[in-house]
Amino acid sequence: MRPSRPRSTLASTGDEQSSLLMAAPFGAVIAVYSLAYVFEMTVAWGLSSWQSLPPWYPIAAVSLVGALAIPTINRQAARFTSLVIDSCAAVAGKLDRSAWVFILSLALLLMFWLFRSQALVYGDGFLISSAATQPPASPLVGDEMLKPLTVALFRVVDKIARLFTITDVQVWFSGFIAIGGVFGFWGIVRIAFLLSGEDRYRRTALIMVALSSGATLLFFGHIEHYTWGMAAFLWLVGSMIRYVRGIQSATPMLLWGMVAAAFHALYLPMLLLAVLLLLRRKSDNHRVMLLGWTWQKFSIALVVLSIAGAITIQLAARERVAVPVWPSESNPYWSLSLGHLSDFANVLLIVSPLGLSLLLAAMLAGRPRSVPTDVGSQLLGIIATMTILISFWIEPVLGAPRDWDLLAIFGFPLSLFGANLAFTHLSTSTRLSPSVPLSVVAAAVLLIPPVAENRDLHRAAIKLDRLLWVDPHYQTSYDKASRAVSWGSILHRNAAEDSLAAKYFQRRIDADSKDDPSWFNLGEIHMSAHRHDSAAAC
């Protein structure tokens, strides 16, 4: 008879395989970021947050993740992280729940505010700060009608700040957004609780993967109109999962859906999904059936419906709302253009690098094992699909490198969905799961560079200038480079980067020689540089 292998050897082999399988998707992401750093891949701007860091950073990142792929080191790291998690749980157990939630919330608020974003060149930060000076009861105009609750709250914060004669209102805006970030963090924790049950180690890993998303930057006082909407959306997701599991009624789900949609119209499809869940048969306790379809078929239907919606918008000549399905004379940035596909790939790398990598790893682990069986996971898969489609079809009129915050809607759902699937099929639900130390290290490594970059206005302006100069939305072929005027004005008036701003005004003039604002701004730049002859020509 063939002798059996000792039990310890079998366990050791299983641990080694588990460590290597789990380390692979984490290592792949860090390796891609490191390669982009070495080769300075401008086209992969989604990986560019490391470019301003010293050479030791990617070396340290690769070394740390590589070391955690070694089973012996991973076990020691898992023991340490589990000890920390158990100690935190013991301390929390001695406190009233509301007390430790309050203490942690204060710590998070302090961190989000101290490391708040000061690079308002991302998104429309400067414009939002000035527009918020309107009285709270002023009518909404333009895009403000898409986010009424957010605009109203910004105006209230501005009013309160001026009552206290605060001159730097942006600090108050950052604080208000940081509060929304804390609220969003607890939304992530709530979803992680629902996905992990009593397994606090898996829960920690899920939270860490979620926080590795670039969408977490919205929590760091990022002055834009998306943070509070994102926070309400996360609580909506948690309420949806609780509803399909029969834990709570539909009322909280519908309320969160209405609040999220009031913060931003981006979340209207999520409210519609909540309404569809009301039509679900109560007998379907083990699968999400919507309109008689399984979650996979419903997700495919969403893809077809999104294409039909985009075609309808294009035929209705509603420009600058959705990416065109086919190219037009004034907009070469269409759905399958190289520019759009490249932008979408880069947004994926920013807002859900680990989620995407873990999802691919789970799928490669083999079907049918990679198909989620829990109704909460299935629902999260539908939500991830919906938000990815929303991000794919939204026209990033500021250019995707600036409008990444608008497109980041799918960051948390995809990260949580991919991580939950991978942890189910690639890792063990034990105290020494290799996913915990890998998630903690990867989250820190991926989050630190963009947080540091967003605190430096000059660094962000230099980076964006390099990207926007070649971005499709700033070329003469796209609406005669009209977008170059607003960006040039931000560089000139808000970022004190006149040398960078001049070329954008010149590009607009080359496309439309009768554009008075461009001539005026270019003349101002020449005057400030004492080039009087050039200024006179403007």
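Residues numbered from 1 in each chain as written. Predicted model: local features only at pLDDT ≥ 70, side-chain atom pairs only at ≥ 80, totals over all residues. Heavy atoms only, no water.

Q: What's the story with the overall build of the protein in this structure? I'm lost.
A: Along the backbone of the protein there are 23 helices and 0 strands. For a compact globule of 538 residues, the expected C-alpha radius of gyration is about 24 Å, and the protein comes in at 25 Å, within 12% of that figure. A principal-axis box enclosing the C-alpha atoms of the protein has dimensions of 95 × 55 × 50 Å. Within the protein, buried positions represent 53% of all 538 residues. Sequence-distant contacts in the protein: of pairs separated by 6 or more residues, those separated by 24 or more amount to 72%. Distance from the positive charge centre (41 side chains) to the negative charge centre (34 side chains) of the protein: 13 Å. (Helix = DSSP H or I, 4+ residues; strand = E, 2+ residues; numbered from the N terminus. Rg over C-alpha atoms; globule rule 2.2 N^0.38 Å. Buried < 20%, exposed > 50% of the residue type's maximum accessible area, 1.4 Å probe, protein only. Contact = heavy atoms within 4.5 Å. Lys, Arg positive; Asp, Glu negative; His and termini not counted. Charge placed at Lys NZ, Arg CZ, Asp CG, Glu CD.)

Q: Help me out: how do you make sense of the packing of helix α15 (residues 375-393) against helix α17 (residues 411-425) in this one?
A: In a packed pair of helices, the relevant descriptors are the angle between the two axes and the axis-to-axis distance. Where α15 meets α17, the closest approach of the two axes is 9 Å, and the angle between their N-to-C directions is 140°. In terms of their interaxial angle, α15 and α17 are classed as oblique. When the axes of α15 and α17 are compared, the crossing they make is left-handed. Contacts between α15 and α17 pair Ser 377, Leu 380, Gly 381, Ile 383, Ala 384, Thr 387 and Ile 388 from the former with Pro 413, Leu 414, Leu 416, Phe 417 and Asn 420 from the latter. In the contact of α15 with α17, the residues fall into 8 nonpolar, 4 polar and no charged. (Axes fitted to C-alpha atoms, helices over the stretch in contact; angles between N-to-C directions. Parallel < 35°, antiparallel > 145°, perpendicular 65-115°, else oblique. Left-handed = near helix turned anticlockwise from the far one by under 90°. Nonpolar A, V, L, I, M, F, W, Y, C, P; charged D, E, K, R; others polar.)

Q: Honestly, empty space enclosed by the protein in this entry has me stumped. Any pointers?
A: To find leftover empty space, one rolls a probe the size of a water molecule over the atoms. Summed over the entire model, instances satisfying the criterion amount to 4 cavities of 30 Å³ or more. Lining of the largest cavity is provided by 22 residues; of these, Ser 49, Leu 217, Ile 350, Pro 450 and Lys 463 occupy positions nearest its centre. Going through the elements one at a time, α13 (338-351), α18 (435-453) and α19 (457-468) are the ones with two or more residues in the lining of the largest cavity. Here the element with the most residues in the lining of the largest cavity is α18; it accounts for 4 residues. Within the lining of the largest cavity, the residues separate by chemical class into 13 nonpolar, 7 polar and 2 charged. By volume, the second largest cavity is sized at about 60 Å³. Listed by contribution, the elements that provide at least two residues to the lining of the second largest cavity are α13 and α15. In terms of residue count, α13 provides more of the lining of the second largest cavity than any other element does, 4 residues in total. (1 Å grid on protein atoms, 1.4 Å probe; cavity = no way out; pocket = protein on both sides within 12 Å on 5 of 7 lines; lining within 4 Å. Points joined across faces, edges and corners; volume = space filled by probe spheres on them.)

Q: I tried to follow the side chain of Asn 74 on my own but got confused; where do I start?
A: Examined against the element boundaries, Asn 74 turns out to sit in helix α3 (residues 71-94). Side-chain polar atoms of Asn 74 contact the backbone oxygen of Leu 68, separated by 2.7 Å. (Polar contact = N/O pair within 3.5 Å; in protein donor to acceptor, adjacent residues only side chain to side chain.)

Q: Honestly, the packing of aromatic side chains in this entry has me stumped. Any pointers?
A: Remark: the centre distance and the inter-plane angle together describe each pair of aromatic rings, the angle taken between the planes. If you walk through the whole model with that rule in mind, you get 23 aromatic pairs. With a centroid separation of 5.5 Å and 85° between ring planes, the pair formed by Phe 154 and Phe 176 is classed as edge-to-face. Of the two residues, Phe 154 is situated in helix α6 (residues 148-163) and Phe 176 in helix α7 (residues 169-196); the sequence distance between them amounts to 22 residues. Judged by its relative accessible area of 13%, Phe 176 is buried. Between the aromatic rings of Trp 295 and Phe 417, the centroid separation amounts to 6.3 Å while the plane-to-plane angle is 70°, which identifies the pairing as edge-to-face. Placement of the pair is Trp 295 in helix α12 (residues 295-315) and Phe 417 in helix α17, with a sequence separation of 122 residues. The residues Trp 295 and Phe 417 share a single accessibility class, namely buried. These aromatic residues form a ring-pair network of at least three members: Phe 154, Phe 173, Phe 176, Phe 183, Trp 228, Trp 235, Trp 256 and Phe 263. Between Lys 503 and the ring centre of Trp 469, over which it is positioned, the NZ or CZ distance is 4.8 Å. (Phe/Tyr/Trp six-rings, centres within 6.5 Å; stacked < 30°, edge-to-face > 60°. Lys NZ or Arg CZ within 6 Å of the ring centre and 35° of its normal.)

Q: Would you take a moment to explain unusual backbone geometry for this structure?
A: Most peptide bonds adopt trans geometry, and most residues besides glycine take a negative phi value. Positive phi, normally seen in glycine, also occurs at Ala 481, with a value near 60°. Mapped onto the secondary structure, Ala 481 falls in the loop between α19 and α20 (483-494). On the basis of relative accessibility, which here comes to 0%, the residue Ala 481 falls in the buried class. One non-glycine residue, Ala 496, lies in the positive phi region at around 55°. The residue Ala 496 is located in the loop between α20 and α21 (498-511) in this model.

Q: Can you walk me through the nonpolar core in this structure?
A: Generally speaking, nonpolar side chains in soluble globular proteins are found buried as a group. Counting 156 residues, the largest nonpolar core has Phe 26 and Trp 50 as the members making the most contacts within it. A per-element tally of this core places α7 first, with 14 residues. When neighbours within four sequence positions are excluded, Phe 26 is seen to be in contact with Val 65, Val 209, Leu 354, Leu 358, Phe 423, Leu 438, Ser 439 and Ala 442. (Core = buried A, V, L, I, M, F, W, Y, C linked by side-chain atoms within 4.5 Å.)

Q: Looking at this structure, I do not really get the layout of surface pockets. What am I missing?
A: The computed volume of the second largest pocket comes to approximately 1,600 Å³. Looking at the second largest pocket, it is lined by 43 residues, and the ones nearest its centre are Trp 100, Leu 104, Phe 185, Val 189 and Ile 207. For the lining of the second largest pocket, the elements supplying multiple residues, two or more each, are α3, α4 (97-114), α7, α8 (200-211), α9 (227-244) and α18. Its residues placed into classes, the lining of the second largest pocket shows 34 nonpolar, 4 polar and 5 charged.

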